[in-house]
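Letter by letter, the chains look like this.
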Amino acid sequence: EAKSRGLDLLPISGFKSKTGKGILAEVDGKKIVIGNFALLSSQEISITGLTNEADKLESEAKTVIYIGIDGKLAGIMGITDTLKDGSIAAVKRLHDMGLQVAMLTGDNIHTAEAIAAQVGIDRVLANVLPGDKAKEIKKLQAEGHVVAMVGDGINDAPALTQADVGIAIGTGT
């Protein structure tokens, strides 16, 4: 996008992706951290000063992304998934079939519950890292549930395999 707008991009070095948390890199000699609260905390970057703004974004069903530069909080942004057309009707149809619908997500609990309320989802499992999704499915199965998992395939392979039925949607994102 930057190139299409004619903006100059600075070289990036030391890029590291932290699955389910965010990224770290060095840009123009500055250490950049972009990600969730856990990632910034692990880098000892305090979010003090923007907690009210972060709470407001979460209450609007947005996932808060924090931006740190050289060990200090530089900003936050809120991102959200838009509901796909037919989501509410699909959940209603599953309920009409007597099925319970759960959402398993890496999003924070506030964002997840706001989305779940919009769609009519029964159960929310939030703050789940991609590598832990299969464990959460095992817990549901241990409760006696037969689990069908729908995932976009990005980091979902172990959970899709653990589920009694795994459904990968290639363009789910």
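Residues numbered from 1 in each chain as written. Predicted model: local features only at pLDDT ≥ 70, side-chain atom pairs only at ≥ 80, totals over all residues. Heavy atoms only, no water.

With respect to the sheet that holds strand 5 (residues 72-79)
Hydrogen bonds along the backbone pair up the strands of a sheet, which may run parallel or antiparallel.
Right, so step 1: In space, the five strands of this open sheet follow the order 1-2-3-4-5, with antiparallel pairing throughout. Two strands close off the open sheet at either side, each with one partner strand: strand 1 (12-18) and strand 5. Taken over all neighbouring pairs, the strand axes of this sheet differ in orientation by 15 degrees on average, direction set aside.
Right, so step 2: Strand direction decides the pairing type here: strand 2 (residues 22-27) and strand 3 (residues 30-35), joined by six bridges, are antiparallel. Following the sheet pairing, Val 27 is matched in strand 3 by Lys 30.
Right, so step 3: Along the sheet, helix 2 (residues 51-59) makes contact with strand 4 (63-69) and strand 5, crossing strand 5 at roughly 15 degrees. (Pairing = 2+ DSSP bridges. Helix = DSSP H or I, 4+ residues; strand = E, 2+ residues; numbered from the N terminus. Axes fitted to C-alpha atoms, helices over the stretch in contact; angles between N-to-C directions. Contact = heavy atoms within 4.5 Å.)

With respect to the pattern of salt bridges
Side chains that differ in charge, positive against negative, can pair when their charged atoms come close.
Right, so step 1: Enumeration over the complete set of coordinates arrives at eight salt bridges.
Right, so step 2: Bridged by salt links that share partners, the residues Lys 56, Glu 60 and Lys 62 form one connected network. (Salt bridge = Lys/Arg side-chain N within 4 Å of Asp/Glu carboxyl O.)

Quick notes on the pairing of strand 8 (residues 148-151)
The side chains of a regular strand alternate, first on one face of the sheet and then on the other.
Right, so step 1: The alternating pattern of strand 8 places Met 149 and Gly 151 on a buried face, while none of Ala 148 and Val 150, on the opposite face, is buried.
Right, so step 2: Two elements, strand 8 and strand 9 (residues 165-168), share four bridges in a ladder whose sense is parallel. If you follow Gly 151 over to strand 9, its bridge partner there is Ala 168. (Buried < 20%, exposed > 50% of the residue type's maximum accessible area, 1.4 Å probe, protein only.)

Topic: unusual backbone geometry
With the exception of glycine, the majority of residues adopt a negative phi angle, and the majority of peptide bonds are in the trans configuration.
Right, so step 1: One non-glycine residue, Asp 28, adopts positive backbone phi at about 55 degrees.
Right, so step 2: Checked against the element boundaries, Asp 28 lands in the loop between strand 2 and strand 3.
Right, so step 3: With a relative accessible area of 57%, Asp 28 lands in the exposed category.
Right, so step 4: Of note in this structure, Glu 44 is not a glycine but carries a positive phi near 60 degrees.

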